[in-house]
Every structure is written in C-alpha cells, then in structure tokens.
Amino acid sequence: MKLGELSLNFTLPLLNAVRSSGYDPSPVLERFSITPEQLSNQHHWMSIGRFMRLGHALIELTGNPALGLKAGEHSRLHGLGLCGYTAMTADTLGAALSLLVKLEPLYGRNIRGQSRYLETSGASILRFYSIAPYNEYNRFVVDSVLSSWHQLCALLTGADNLIREIHFEFPAPHYVAAYVEAFNLPVLFGQPHNQLILGSKTSSTPCLFANLADHTVFLTQCEQRLHNLAEWNSYRSKTAQIIASLLPDTTPGLDDVAEKLHLPAWTLRRKLQEEATSFKQLLDETRESLASAWLKESDYALSEIAFMTGFSSTEAFQRAFKRWSGMTPGEFRRQHQVGRRNR
C-alpha cells in the first residue's frame, strides 16, 4: 500500500516556477532520475513522498520557501489531462470544482483522504486533505495545491474575486508575507481545514469554455477510467482507505467502516471474505503499510508515526512493527534510506 501517488504532471508548474525564478532544475531532476520523456507522458506517476522530497530539493535550489505558492500560479487546467478538459467544459464553476474532486483518483490518490467540494447556504468550500504534523516537506504541497485552486478558479471563469478567504491548517510560517502577495485576500492560519472559501452564489458562475457536447464526451471517458480502477474500487481497498482516514483519531472497528460504506456490518464481512481477506487482517496490514511508507518516504519521528498509526505509545508501535517485519522501525528505516534521495 502506498501513502499516495500523483501524476508526474504535478511537477510541471513547480518546474516552471523554478525556471521563472532564474534557476535550472535539470540537476535536481537528474538526481531524482526524472527524464524529459517521463515529464511528457501523463501516464507516469510518482509517490507523494518522492514529490515532497523533490519539492524540498527545488526549494533548497532556489532558496525560496514559498516555491509552492509560485508553482500554483503556473497551474493550467490542461495539466490535469482529460480531467482538466472535463472541468473546463462544465457549465458552471460549481460543476467544474465538483468534477475535479470526483475525478481526483485519476490524477492523484491519497490513502488517508481526499479533497471535498461542499456547498452550504452561506458559502462554497473547496477542501484539501493533507497529513499532519506539518513540516517543510508537506507544507509546500498544501501551498501548491491551494495556490493552484486559486489560479484555476480564475482560469475557469475569468473572474478573480470569487474567493473570500483561504484557510491553512498549519501555523503561519516565517514566509507569511508571501501569502499576502500571492492571494491578495484574507489568509487564515491554524484553521481546522486547508480550504478555499467561496461566496454562496459563486457556484453558479458560468465557465468561460462551457461546451455541452465536448463535456459529455470527456465525462464519459473519465467515468469509464474511474470504473476501470478495479483495485482502487475493491472493498479491500475501500476498507483500507477508510481505516487509514480514521487513524489516528480512533482505531476503527468493522462497524465503523461499514457505516462509512453505508453497508450492514455482516455484508462488509462477507464481501471481504469474497476478496480473500478479513477486517482484522486489513486493519493490521493498513497500519503496517502506512508505517512502512512513512519510515521509507518521510522524516517523521517514530513517536509521530506511532501516533498517526493509532498506537498509544512508541513502545507499542515498535513491538507491533517488529512483529510485522522482523526488524525494529529504526533498522527498517536505515535499510530503506540507502539511495532514497535518488528514487
């Protein structure tokens, strides 16, 4: 199980931001074994952990901690491939944003959660999920996503006054002035969610490139691709995703996951049996997979990984990991850090 992965197209705005700042990203791309051929092929994907390390390396290259904000300004809808064209040809902004969220598994997947688009009586909300605690690696990802959404709303409608506020979960970083420059609207830190707050009536704002005929064709193709994600749509995968999303707030039981899937518990148990697994096995495998991925792909401390996988203490996590892998978390991390920067 991967923490998550995304299309290599996500690197293009980042690379353009580096070049526009007067730097050549080629040495960093070479260090990460990313070739021009891969960058030109929308079917190449990379792990979220690798994307974080790439972004951090480019931040070090440019000396700009706000590089994620700059990358968002270089975002274009065609960078999301067919999903971008589907959103572009929708009739309204609300429909376009709903589709970007619905089609997210086609260009980015996070086992812990996914983006959401909500319409309330007072506002429309575009919300991004990111793991916490925050550090210099994952903070840049939130910067780039929310900055990208800010840019795409303007590109879809031609209007730059639709967003009322932008919220970030993490405390204000030392480069807070860059947010004021990038957004020119209220930016709030230390909030419950990473999200854009749009006006209550902005969902009906017409899209500049609305085209019913093209939209119907694009949407049909995207829905077929979603259907074809058999592994992502299996009950095994759905159960693992919900377990991962509920950790560390609670260690979920079968009833908790069944409720999320709108199924009776006995039905979920039977469906998992049909896929040759059980809930207990999936709970153990999910915690092990998440822990292994964080040890390999991140620099989180063992205490943080223990918390994020739902263990009451670092010692309990270490015992469980030794049972899973036959080695301690520290031994596992050291073994997999060889050559990690070049993956």
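Since we're looking at a predicted model, the values are computed, not measured.

Under the definition given, this model contains 5 salt bridges. The salt bridge partner of Arg 270 is Glu 274, with a shortest N-O separation of 2.9 Å. Of the two residues, Arg 270 and Glu 274 are both situated in helix H14 (residues 265-274); the distance of 4 residues between them amounts to about one turn of the helix. Overall, Arg 270 belongs to the partly exposed group, its relative accessible area being 35%.

This part is about the side chain of Ser 292. With respect to the element layout, Ser 292 can be found in helix H15 (residues 279-297). Judged by relative accessible area, which is 12%, Ser 292 ranks as buried. Setting aside residues up to four positions removed in sequence, Ser 292 forms contacts with Phe 321 and Phe 332.

Right, let's get into the sheet that holds strand E7 (residues 187-188). With mixed pairing, 5 strands are arranged side by side in an open sheet as E4-E5-E8-E6-E7. The sheet terminates laterally at strand E4 (116-119) and E7, the two strands that pair on one side only. Pairing between strand E5 (residues 123-128) and strand E8 (residues 194-199): 6 bridges, direction antiparallel. What sits directly across from Ser 124, in E8, is Leu 198. The strands touched by helix H7 (residues 93-102) within the sheet are E4, E5 and E8, with E4 carrying the most contacts at an inclination of about 150 degrees. The strands that helix H8 (residues 138-157) touches are E5, strand E6 (163-167) and E8; relative to E8, the one it contacts most, it runs at about 20 degrees.

Attention now goes to the confidence of the model for the chain. Caution applies to low-pLDDT regions: their predicted coordinates should not be interpreted in detail. For the chain, per-residue confidence averages 90 on the pLDDT scale, and 97% of positions sit at 70 or higher. Mean pLDDT across the elements of the chain bottoms out in helix H11 (residues 230-233) (64) and peaks in E7 (97).

To continue, consider the environment of Leu 290. With respect to the helices and strands, Leu 290 occurs in helix H15. Sequence separation of Leu 290 and Arg 112 is 178 residues, and the distance between their C-alpha atoms is 9.2 Å.

Moving on, we get to the pairing of E6. With 4 bridges joining them, E6 and E8 adopt antiparallel strand pairing. Opposite His 167, over in E8, you have Gln 195 as the bridge partner. Note: E6 against E7, 2 bridges, orientation parallel. Each bridged residue has a counterpart across the sheet, and for Ile 166 the counterpart in E7 is Val 187.

With that settled, consider the sheet that holds strand E2 (residues 45-47). Backbone-to-backbone hydrogen bonds join strands into a sheet, with any given pair of strands oriented parallel or antiparallel. Here 3 strands make up an open sheet; going across it, the order is E2-E1-E3 and the pairing antiparallel. Across the chains shown, the open sheet's two edge strands, defined by having one partner strand only, are E2 and strand E3 (108-110). Averaged over all pairs of adjacent strands, the angle between strand axes in this sheet comes to 20 degrees, irrespective of strand direction.

Once that is clear, we can look at the packing of aromatic side chains. Considering all chains together, one arrives at 17 aromatic pairs under this definition. Ring centres of Phe 51 and Phe 140 lie 5.4 Å apart, and the angle between their planes is 35 degrees; this geometry places the pair in the tilted category. Linking Phe 51 in helix H4 (residues 48-62) with Phe 140 in helix H8, this pair joins segments that are 89 residues apart in sequence. Of the two residues, Phe 51 and Phe 140, both sit in the buried class. With 6.2 Å between their ring centres and 40 degrees between their planes, Phe 170 and Phe 189 make a pair best called tilted. You can see Phe 170 sitting in the loop between E6 and helix H9 (177-183) and its partner Phe 189 sitting in the loop between E7 and E8, a full 19 residues away along the chain. Overall, Phe 189 belongs to the buried group, its relative accessible area being 17%. Taken together through their ring pairs, the aromatic side chains of Tyr 134, Phe 168, Phe 170, Tyr 175, Tyr 179, Phe 183 and Phe 189 make up a single cluster. The lysine or arginine in question, Arg 109, covers the ring of Trp 45, its NZ or CZ lying 4.3 Å from the ring centre. Over the aromatic face of Tyr 235 sits the side chain of Lys 238, whose NZ or CZ is 5.1 Å from the ring centroid.

A few words on the packing of H15 against helix H17 (residues 314-325). Relative orientation of the contacting elements H15 and H17 amounts to 100 degrees, with a least axis distance of 11 Å. It follows from the interaxial angle that H15 and H17 lie roughly perpendicular. On H17, the residues that touch Asp 284, Arg 287, Glu 288, Ala 291, Ser 292 and Leu 295 of H15 are Phe 317, Phe 321, Arg 323 and Trp 324. Looking at the contact of H15 with H17 residue by residue, the classes come out as 5 nonpolar, 1 polar and 4 charged.

The rules behind these values
Residues numbered from 1 in each chain as written. Predicted model: local features only at pLDDT ≥ 70, side-chain atom pairs only at ≥ 80, totals over all residues. Heavy atoms only, no water. Salt bridge = Lys/Arg side-chain N within 4 Å of Asp/Glu carboxyl O. Helix = DSSP H or I, 4+ residues; strand = E, 2+ residues; numbered from the N terminus. Buried < 20%, exposed > 50% of the residue type's maximum accessible area, 1.4 Å probe, protein only. Contact = heavy atoms within 4.5 Å. Pairing = 2+ DSSP bridges. Axes fitted to C-alpha atoms, helices over the stretch in contact; angles between N-to-C directions. pLDDT = per-residue confidence, 0-100. Phe/Tyr/Trp six-rings, centres within 6.5 Å; stacked < 30°, edge-to-face > 60°. Lys NZ or Arg CZ within 6 Å of the ring centre and 35° of its normal. Parallel < 35°, antiparallel > 145°, perpendicular 65-115°, else oblique. Nonpolar A, V, L, I, M, F, W, Y, C, P; charged D, E, K, R; others polar.

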